[in-house]
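Residue-level listing of the chains:
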Amino acid sequence: MNCGNCGAPLNIVIGQEYTRCEYCGTFAFLEDPVPIETLEDEPAGHHCPLCHVPLVRAQIARWRMWYCTTCRGQLIERGDFRALVEYKRARAWGPPDPIQPLDRCLLQREVHCPVCDRKMETHPYYGPGQFVIDSCHHCHVVWLDYGELRKAINGPGRDRRRDGALAQWIESVVRGQEKEDDD
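Just so you know, these numbers come straight off a predicted model, no measurement behind them.

Moving on, we come to the pattern of salt bridges. Inspection of the entire model under this criterion finds 5 salt bridges. Ionic pairing is found between Asp97 and Arg150, a salt bridge with its closest N-O pair at 2.3 Å. With Asp97 in the loop between helix H1 (78–90) and strand E8 (121–124) and Arg150 in helix H2 (residues 148–154), the pair connects residues that are 53 residues apart, well separated along the chain. Residue class for Asp97 comes out partly exposed when judged on its relative accessible area of 26%. Sharing partners across several salt bridges, the network here consists of Arg109, Asp134 and Asp145.

Attention now moves to the pairing of strand E10 (residues 141–144). Burial of E10 is two-sided: the residues Val141 and Trp143 facing one way and the residues Val142 and Leu144 facing the other way are all buried. Sheet topology places strand E7 (residues 74–77) next to E10; 4 bridges connect them, and they run antiparallel. From the neighbouring strand, Ile76 faces E10, where its bridge partner is Val142. Examined bridge by bridge, strand E9 (residues 132–136) and E10 share 3 bridges and lie antiparallel to one another. Residue pairing in the sheet places Ser135 in a bridge with Val142 of E10. Counted between consecutive antiparallel strands, the loop separating E9 from E10 contains 4 residues, among which His140 sits at a positive phi close to 60 degrees.

Before going further, it helps to examine the packing of aromatic side chains. To describe a pair of aromatic rings, one takes the distance between the centres and the angle between the planes. According to the stated counting rule, one finds 3 aromatic pairs in the structure shown. Measuring from ring centre to ring centre gives 5.6 Å for Phe81 and Tyr125, while their planes differ by 65 degrees; the resulting arrangement is edge-to-face. Taken together, the residues span a long stretch of sequence, with Phe81 in helix H1 and Tyr125 in the loop between E8 and E9 at a distance of 44 residues. Pair check on accessibility: Phe81 and Tyr125 agree, each one buried. Between the aromatic rings of Tyr125 and Phe131, the centroid separation amounts to 4.7 Å while the plane-to-plane angle is 25 degrees, which identifies the pairing as stacked. Using a relative accessible area of 16% as the deciding quantity, one classes Tyr125 as buried. Chaining the aromatic ring pairs together yields one cluster made of Phe81, Tyr125 and Phe131.

A word on the nonpolar core. Formed by 18 residues in total, the largest nonpolar core has its most connected members in Ile76, Phe81, Leu84, Tyr125, Ile133, Leu144 and Leu149. At the level of secondary structure, the elements contributing two or more residues to this core comprise strand E5 (54–60), strand E6 (63–67), H1, E10 and H2. One finds Leu55, Trp66, Val111 and Met120 within the second-largest nonpolar core, a separate group that totals 13 residues.

Every α-helical turn comprises 3.6 residues, leaving residues that sit three or four positions apart pointing alike. Spanning 13 residues, H1 covers 19 Å between terminal C-alpha atoms, matching the ideal 18 Å at 1.5 Å per step. Looking at H1, one finds that the buried residues are Phe81, Leu84, Val85 and Arg89. Buried positions in H1, seen along its axis, are confined to an arc of 125 degrees and lie on one side of it. Contacts from the buried residues of H1 go to E5, E6, E7, E9, E10 and H2.

Right, let's talk about the environment of Cys21 for a bit. Locating Cys21 in the fold gives a position in strand E2 (residues 18–21). Here Cys21 falls in the buried class, since its relative accessible area comes to 1%. The spacing of Cys21 and Asn5 is 16 residues in sequence and 9.0 Å in space, taken between C-alpha atoms. If near-sequence neighbours (up to four positions away) are discounted, Cys21 is found in contact with Cys3, Cys6, Ala8, Pro9, Leu10 and Thr26.

Thresholds applied
- Residues numbered from 1 in each chain as written.
- Predicted model: local features only at pLDDT ≥ 70, side-chain atom pairs only at ≥ 80, totals over all residues.
- Heavy atoms only, no water.
- Salt bridge = Lys/Arg side-chain N within 4 Å of Asp/Glu carboxyl O.
- Helix = DSSP H or I, 4+ residues; strand = E, 2+ residues; numbered from the N terminus.
- Buried < 20%, exposed > 50% of the residue type's maximum accessible area, 1.4 Å probe, protein only.
- Pairing = 2+ DSSP bridges.
- Phe/Tyr/Trp six-rings, centres within 6.5 Å; stacked < 30°, edge-to-face > 60°.
- Core = buried A, V, L, I, M, F, W, Y, C linked by side-chain atoms within 4.5 Å.
- Expected span 1.5 Å × (residues − 1).
- Arc of directions from axis to C-beta.
- Contact = heavy atoms within 4.5 Å.

Spelled out as structure tokens, the structure:
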């Protein structure tokens, strides 16, 4: 696959759900994991730790964050991240994603906090899903690369709705409505 911007070959970023052109820096995303609503066109005063462009304010459901419109990374307060994952997992439906092995090479990367510019702690995410997360213990924020929020939401575990629970409920409501219509 070639870059849509310059035509150079795109490189798959191991352990992530995107490719990147080493020549011009363009990202190409493989799928849309979780819809994010941007709130303002003006930058939020922080810069993306990966591509260094200004972050914009955004939200998912009622949780606000900073968002990179280039690499689609997210900077979110640690407590809000936990609450957002719990909220989304409780409402998830369909089968969970299969467990993927953790790419240990990602543990070697250096990411600096967009808020305080200190080196963030890079470690395996200890919740559902297998991925590497970057945390700043000084600012109480986490940096999520594209697709990592989806991995946390769709990872297997007891706190995630069972396979098809929502679909079965909708089907039962529809069947109940059809019976009322037949009467």
